[in-house]
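Report on the structure
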Amino acid sequence: GENVEQHPSTLSVQEGDSAVIKCTYSDSASNYFPWYKQELGKRPQLIIDIRSNVGEKKDQRIAVTLNKTAKHFSLHITETQPEDSAVYFCAASRRQGAQKLVFGQGTRLTINP
Amino acid sequence: EAGVAQSPRYKIIEKRQSVAFWCNPISGHATLYWYQQILGQGPKLLIQFQNNGVVDDSQLPKDRFSAERLKGVDSTLKIQPAKLEDSAVYLCASSSSGADTQYFGPGTRLTVL
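Just so you know, these numbers come straight off a predicted model, no measurement behind them.

About the thresholds
Residues numbered from 1 in each chain as written. Chains lettered and ligands numbered in written order. Predicted model: local features only at pLDDT ≥ 70, side-chain atom pairs only at ≥ 80, totals over all residues. Heavy atoms only, no water. Helix = DSSP H or I, 4+ residues; strand = E, 2+ residues; numbered from the N terminus. Rg over C-alpha atoms; globule rule 2.2 N^0.38 Å. Buried < 20%, exposed > 50% of the residue type's maximum accessible area, 1.4 Å probe, protein only. Contact = heavy atoms within 4.5 Å. Lys, Arg positive; Asp, Glu negative; His and termini not counted. Charge placed at Lys NZ, Arg CZ, Asp CG, Glu CD. Salt bridge = Lys/Arg side-chain N within 4 Å of Asp/Glu carboxyl O. Buried area = accessible area lost by both parts, 1.4 Å probe. Polar contact = N/O pair within 3.5 Å; in protein donor to acceptor, adjacent residues only side chain to side chain. Pairing = 2+ DSSP bridges. Phe/Tyr/Trp six-rings, centres within 6.5 Å; stacked < 30°, edge-to-face > 60°.

1. Here's the deal with the overall build of chain B
Assigned secondary structure in chain B consists of zero helices and eleven strands. For 113 residues, the compact-globule estimate of 2.2 N^0.38 gives 13 Å, and the C-alpha radius of gyration of chain B, at 13 Å, lies within 12% of that figure. If you line up chain B on its principal axes, its C-alpha atoms span 40 × 25 × 25 Å. In chain B, which comprises 113 residues, the share counted as buried stands at 47%.

Now the structure itself:
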């Protein structure tokens, strides 16, 4: 079955700098890759997603890139702000059939003022 | 639109007791998921329903966990008897039929003593 590895497990950056979180997946049939943000004690919130027919997607300060050949995808946050501090999870699934999301282990991002 | 609702938000039980969690998905969402999130890890799918039928329950410990979605709307997840290792947050999520975006509820934090 699918396996998703996420790195780093913790990341600390200065406010205003960029943050990058990377994930690799094992199932070449996976074609949907969402990123969730989870603040302490709260539900995971979808922040951006990418489908395998595109290589990059941007939404204001957040971008995701996908390399299907290498089976990895990354989350890029620019101009980081204190409210970006949270745990971020990547996930992968197939879009057909049982759309089971397999999550990475999470990255705790801390933005230092 | 109203989000995914879950109750209770917190539950503390002793090992070998039973417990039940309830989920009400977003109105009109045919697909419902139950995830287990152990502290410090990403969510892991336990069971997926499409309307009132089970699509995937391969990671559900069926000797102690059961779930149902009788009328294709609300769902309950039950654990009987509970073990210490069942301490986790149980998240419910839902999605529209054929859509890949999953929306999560606030979760139920279970502590087994």
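2. Some details on the overall build of chain A
In terms of helices and strands, chain A carries zero helices and eleven strands. Seen in sequence order, chain A has helices and strands lined up from the N terminus as β-β-β-β-β-β-β-β-β-β-β. The C-alpha atoms of chain A give a radius of gyration of 14 Å, which matches the 13 Å a tight globule of 113 residues would have. A principal-axis box enclosing the C-alpha atoms of chain A has dimensions of 45 × 30 × 20 Å. Taking as baseline every contact in chain A between residues at least 6 positions apart, the subset at least 24 positions apart corresponds to 55%. In chain A, which carries 14 positive and 12 negative side-chain charges, the distance between the mean positions of the two groups comes to 8 Å.

3. Some words on the pattern of salt bridges
For the structure on display, the rule yields seven salt bridges over all chains. Ionic pairing is found between lysine 62 of chain B and aspartate 57 of chain B, a salt bridge with its closest N-O pair at 3.7 Å. Given a relative accessible area of 49%, lysine 62 of chain B falls into the partly exposed group. When its relative accessible area of 26% is taken as the criterion, aspartate 57 of chain B is described as partly exposed. When salt bridges with common partners are traced through the structure, they connect Asp49, Arg51 and Lys57 of chain A together with Asp100 of chain B into a single cluster.

4. Some details on the interface of chain B and chain A
One frequent convention defines the size of an interface as the accessible area lost when the parts assemble. At the junction of the two partners, chain B supplies 24 residues and chain A supplies 18 residues. Taken together, both faces of the contact between chain B and chain A bury some 1,600 Å²; the carbon and sulfur share is 47%. Linking chain B with chain A are one salt bridge, by the criterion used here. Our count for the contact surface shared by chain B and chain A stands at four residue pairs in polar contact (both at pLDDT 80 or more). Those elements giving two or more residues to the side of chain B that touches chain A turn out to be strand E4 (31-37), strand E5 (44-50) and strand E6 (53-56) of chain B.

5. Quick notes on the pairing of strand E3 (residues 19-25) of chain A
All names here are of chain A. Burial of E3 is one-sided: the residues Ala19, Ile21, Cys23 and Tyr25 facing one way are buried, the residues Val20, Lys22 and Thr24 facing the other way are not. In this sheet, E3 lies alongside strand E1 (residues 4-7) in antiparallel orientation, the contact comprising four bridges. Counterpart to histidine 7 in the pairing with E3 is lysine 22.

6. So, the packing of aromatic side chains
Under the counting rule described, the total for this entry stands at 13 aromatic pairs over all chains. Consider the rings of phenylalanine 89 of chain A and phenylalanine 103 of chain A, whose centres lie 6.3 Å apart with planes at 85 degrees: the pair is edge-to-face. Remark: phenylalanine 103 of chain A occurs in strand E10 (residues 102-103) and phenylalanine 89 of chain A occurs in strand E9 (residues 86-92); sequence separation between them is 14 residues. Accessibility classification places phenylalanine 89 of chain A together with phenylalanine 103 of chain A in one group, the buried group. Ring geometry for phenylalanine 103 of chain A versus tyrosine 35 of chain B: centroids 5.8 Å apart, planes at 90 degrees, classification edge-to-face. On the criterion of chain membership, the pair formed by phenylalanine 103 of chain A in strand E10 and tyrosine 35 of chain B in strand E4 is interchain, its members lying in two chains. Accessibility assignment for this pair places phenylalanine 103 of chain A and tyrosine 35 of chain B in one class, buried. Site record: aromatic cluster; members linked through ring pairs are Tyr36, Phe89 and Phe103 of chain A together with Tyr33, Tyr35 and Phe104 of chain B.

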